[in-house]
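Next come the chains, spelled out residue by residue.
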Amino acid sequence: MDHLPLAIIPSSPDGKRVVDAYKKAVTTVATATAYVMLARGMARELLPDELRAAVRWGAELVRARLGRTRDKEHRETNTVVIRRNVEFNTENHLFSAALTYLASTIDPRTMRRLCVARSKDKDTDGSSSWSTSLRMEPGGSTTDTFDGVVFTWTSAGSDDNKDGGGHWGPRETTLELSFFAEHTYTALERYVPFVMSTAEPLQRQDSSLKIFLNEGGWNGINHHHPATFDTLAMDLSLKQAIIDDIDRFLKRKEYYLRIGKAWKRGYLLYGPPGTGKSSLVAAMANYLRFNLYDLDLSKVYDNSNLHRLLMDMPNKSILVIEDIDCCFDAKSREKRKTPKPPADGDNNSIASDDDNDDDEMHDMGAYRQHNITLSGLLNFIDGLWSTSGEERIIIFTTNYKDRLDPALLRPGRMDMHIHMSYCGWEAFQTLAHNYFDVDDHALFPEIQALLTKVEATPAEVSEMLLRSEDVETAMPGLVKFLQDKRRGGIRKVTQIKNDQAAAEKEMK
């Protein structure tokens with residue numbers, strides 16, 4: 001240090017101070033370096049290997065986090081805007097699905113702005129209950145994690161919502177989904193479908209079911225039928241088979257697409273009146289959370305009108321045609337128009353105006369019925385029109401299966417035939433539990449024996465149980481009813497045998 005070249009040593013006082021500072025800095029660095037070398041030597045001698053490894057790991061972790069923070073500040077963020085409506089006021093189903101999904105994931109404790117709503121809903125049994133729904137208000141935001149990726153949802157309001165004429169309209173609420181640019185594929189191809197599929201059953205569960213009637217077009221009213229598979233009085237194995245068939249149908253969208261068939265399922269419910277066909281339809285609607293479309297063919301003019309009605313049905317719906325055996329008239333229009341013979345003594349008899357009006361109205365009714373053909377219905381069920389919708393259930397009911405055209409019964413049209421039979425032991429146990437919450441009674445063995453010998457419908461048994469809320473009164477009443485029904489059946493069989501014997505004797 002004392003041997004610096006003379007050429008660079010200034011002779012002024014300022015130069016001397018620079019040289020002194022330089023010497024001091026060099027001395028300090030040398031001293032610090034010596035201390036570091038001494039500390040490293042002591043650490044190697046005194047500190048165990050495990051502690052030195054932990055120190056190195058901590059230092060690396062700090063450096064890594066500082067590096068990620070710097071990288072994070074420079075990462076690009078993408079934002080997807082989800083509006084309530086798209087072009088031509090078409091509803092954006094993703095918007096409603098996102099609201100439903102977020103309502104199920106929002107944590108009220110973390111939200112600065114939150115909309116809370118209370119609504120009174122009717123349950124499936126007709127009773128009322130209050131429900132609470134949560135929703136982000138404009139300006140609010142929340143985060144959601146999917147497959148390790150953090151997504152940020154923000155509710156925004158547009159103040160410049162003008163219609164086509166430039167007039168100010170109501171404030172439009174939009175949802176914004178933000179994420180890092182490298183996660184765009186995950187967001188659009190995986191996360192958005194996940195939100196839709198998660199929200200779908202929640203929306204069905206929260207929405208009120210409706211039943212639609214065809215009066216010109218479809219007109220719907222709220223449907224609060226309380227029937228469920230738990231309360232349905234029928235054979236347990238048959239009930240479980242129906243549930244399994246429905247569940248399998250719901251899961252096979254890709255399968256139907258792969259084999260080239262419309263995603264639909266047909267059920268034929270047949271059996272005597274009062275065996276629970278309508279209750280089964282209601283139970284299926286409550287289980288699926290699908291709206292019912294009750295088609296009255298007597299109010300349909302022709303096949304074109306029928307096709308328009310069926311085309312107007314949305315996906316995830318149940319089409320019901322009751323008493324299908326009575327829907328198509330066997331007589332032709334020509335037979336209905338056979339002229340009346342003239343009255344005696346009146347060679348030029350002319351029907352009265354009233355008679356002509358009656359005939360015209362009668363012929364019009366026959367014409368309307370004649371123009372609805374079985375082939376027109378089958379074309380929608382299993383023909384070219386069958387692909388106009390998907391995830392649909394088609395249900396026909398009849399009291400007389402043997403009267404149906406074989407074309408209706410083949411697989412692909414009516415896939416599952418369900419025989420709704422008389423009340424058996426398992427069906428009675430369900431009814432007893434429904435009405436009295438009992439699973440055993442002293443009269444159960446006698447009732448079980450009688451049900452094997454008597455043809456009593458679930459509706460008849462239900463009527464007897466409804467006559468008293470006291471189980472000790474209702475059960476003896478049911479036993480007496482079944483005994484009387486058995487005696488009446490025996491007398492009827494005896495009378496039939498006697499009539500047959502008399503007829504055979506007369507023939508001899």
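About the criteria used
- Residues numbered from 1 in each chain as written.
- Predicted model: local features only at pLDDT ≥ 70, side-chain atom pairs only at ≥ 80, totals over all residues.
- Heavy atoms only, no water.
- Helix = DSSP H or I, 4+ residues; strand = E, 2+ residues; numbered from the N terminus.
- Buried < 20%, exposed > 50% of the residue type's maximum accessible area, 1.4 Å probe, protein only.
- Contact = heavy atoms within 4.5 Å.
- Pairing = 2+ DSSP bridges.
- Axes fitted to C-alpha atoms, helices over the stretch in contact; angles between N-to-C directions.
- Parallel < 35°, antiparallel > 145°, perpendicular 65-115°, else oblique.
- Left-handed = near helix turned anticlockwise from the far one by under 90°.
- Nonpolar A, V, L, I, M, F, W, Y, C, P; charged D, E, K, R; others polar.
- Expected span 1.5 Å × (residues − 1).
- Salt bridge = Lys/Arg side-chain N within 4 Å of Asp/Glu carboxyl O.
- Phe/Tyr/Trp six-rings, centres within 6.5 Å; stacked < 30°, edge-to-face > 60°.
- Lys NZ or Arg CZ within 6 Å of the ring centre and 35° of its normal.
- Polar contact = N/O pair within 3.5 Å; in protein donor to acceptor, adjacent residues only side chain to side chain.

Colleague: Got a sec to walk through the overall build of the chain? Specific residues and values, please.
Modeller: Broken down by element type, the chain carries 16 helices and 13 strands. The buried share of the chain, reckoned over its 508 residues, is 31%. Put simply, 69% of the contacts in the chain that link residues at least 6 apart link residues at least 24 apart.

Colleague: Please give an account of unusual backbone geometry that cites residues and values.
Modeller: The phi dihedral of D323 is positive, around 50°, even though this residue is not glycine. The exposure class assigned to D323 is partly exposed, which follows from its relative accessible area of 34%.

Colleague: Requested: an account of the sheet that holds strand 11 (residues 317-321), with residues and values cited.
Modeller: Read across the sheet, 7 strands follow the order 8-7-10-11-12-9-13 without closing on themselves; strand pairing throughout is mixed. Edge positions in the sheet fall to strand 8 (217-222) and strand 13 (416-419), since each has one partner strand and no second. Put simply, the sheet's adjacent strands are angled 25° from each other on average, direction ignored. Note: strand 9 (residues 264-270) against strand 12 (residues 392-398), 7 bridges, orientation parallel. Bridge pairing links R265 to I393 in strand 12. Along the sheet face, helix 11 (residues 374-382) touches strand 9, strand 11 and strand 12 and points at about 145° away from the line of strand 12.

Colleague: Tell me what's going on with the side chain of T186, and back it up with residues and numbers.
Modeller: Structurally, T186 is set in helix 4 (residues 184-206). The residues touching T186, leaving out its near neighbours within four places in the chain, are F146, V149, F151 and Y191.

Colleague: Describe the packing of helix 13 (residues 425-436) against helix 14 (residues 444-451), listing the residues and the values that go with them.
Modeller: Relative to each other, helix 13 and helix 14 sit at 135°, their axes nearing to 10 Å. In terms of orientation, helix 13 and helix 14 fall into the oblique class. The crossing of helix 13 and helix 14 is right-handed. Between helix 13 and helix 14, the contacting residues are W425, F428 and A432 on the first element and F444, I447, Q448 and L451 on the second. Per-class residue counts for the contact of helix 13 with helix 14 are 6 nonpolar, 1 polar and no charged.

Colleague: Before we move on, could you go through helix 3 (residues 93-105) and cite the residues and values that matter?
Modeller: Counted at 1.5 Å a residue, the expected span for helix 3 with its 13 residues is 18 Å, and the 19 Å between its end C-alpha atoms agrees. Inspection of helix 3 places L94, F95, A97, A98, L99, T100, Y101 and L102 among the buried residues, and these make up the whole buried set.

Colleague: Quick rundown of the packing of helix 13 against helix 15 (residues 458-466)? Include the residues and the values.
Modeller: Any two packed helices are characterised by how steeply their axes cross, that is the angle between the axes, and by the distance between the axes. In contact at an axis separation of 11 Å, helix 13 and helix 15 are set at 30° when each is read in the N-to-C sense. Judged by the inter-axis angle, helix 13 sits roughly parallel to helix 15. In this structure, helix 13 meets helix 15 at a crossing whose hand is right-handed. Side by side, helix 13 and helix 15 meet where F428, L431, A432, Y435 and F436 of the first sit next to P458, V461, S462, L465 and L466 of the second. Here the contact of helix 13 with helix 15 is built from residues that sort into 9 nonpolar, 1 polar and no charged.

Colleague: Talk me through the pattern of salt bridges; I want residue IDs and the actual numbers.
Modeller: Tallied over the entire structure, the rule returns 10 salt bridges. For E200, the salt bridge identified is with K316, shortest N-O distance 2.3 Å. One end of the pair, E200, is in helix 4; the other, K316, is in the loop between helix 8 (303-311) and strand 11, with 116 residues separating them in the sequence. Judged by relative accessible area, which is 28%, E200 ranks as partly exposed. Look at K316 and you get partly exposed, because its relative accessible area is 25%.

Colleague: Which residues make up the pairing of strand 13, and what values go with them?
Modeller: Burial of the side chains of strand 13 is restricted to one face: M416 and I418 are buried, whereas none of H417 and H419 on the reverse face is. Sheet topology note: the strand 9/strand 13 ladder contains 4 bridges and is parallel. Within the sheet, the bridge partner assigned to L269 lies in strand 13 and is I418.

Colleague: Tell me about the packing of aromatic side chains, residues and numbers included.
Modeller: For any pair of aromatic rings, the description consists of the separation of the ring centres together with the inter-plane angle of the planes. The final tally for this structure, using the stated rule, is 17 aromatic pairs. Arranged with centres 6.5 Å apart and planes meeting at 50°, the rings of Y435 and F436 form a pair that is tilted. On the accessibility criterion, Y435 (33% relative accessible area) is partly exposed. Three or more aromatic residues link up through ring pairs in this structure, and these residues are Y101, F146, F151, W153, F179, Y191 and F194. Over the aromatic face of Y255 sits the side chain of R252, whose NZ or CZ is 4.1 Å from the ring centroid. Between R403 and the ring centre of Y400, over which it is positioned, the NZ or CZ distance is 3.8 Å.

Colleague: Tell me about the side chain of H441, and please be specific about residues and values.
Modeller: If you trace the backbone, H441 turns up in the loop between helix 13 and helix 14. For H441, a relative accessible area of 13% puts it in the buried group. Side chain to side chain, H441 and E472 meet in a polar contact 3.3 Å long. Those residues in contact with H441 that lie beyond four places of it in its chain are V471, E472 and M475.

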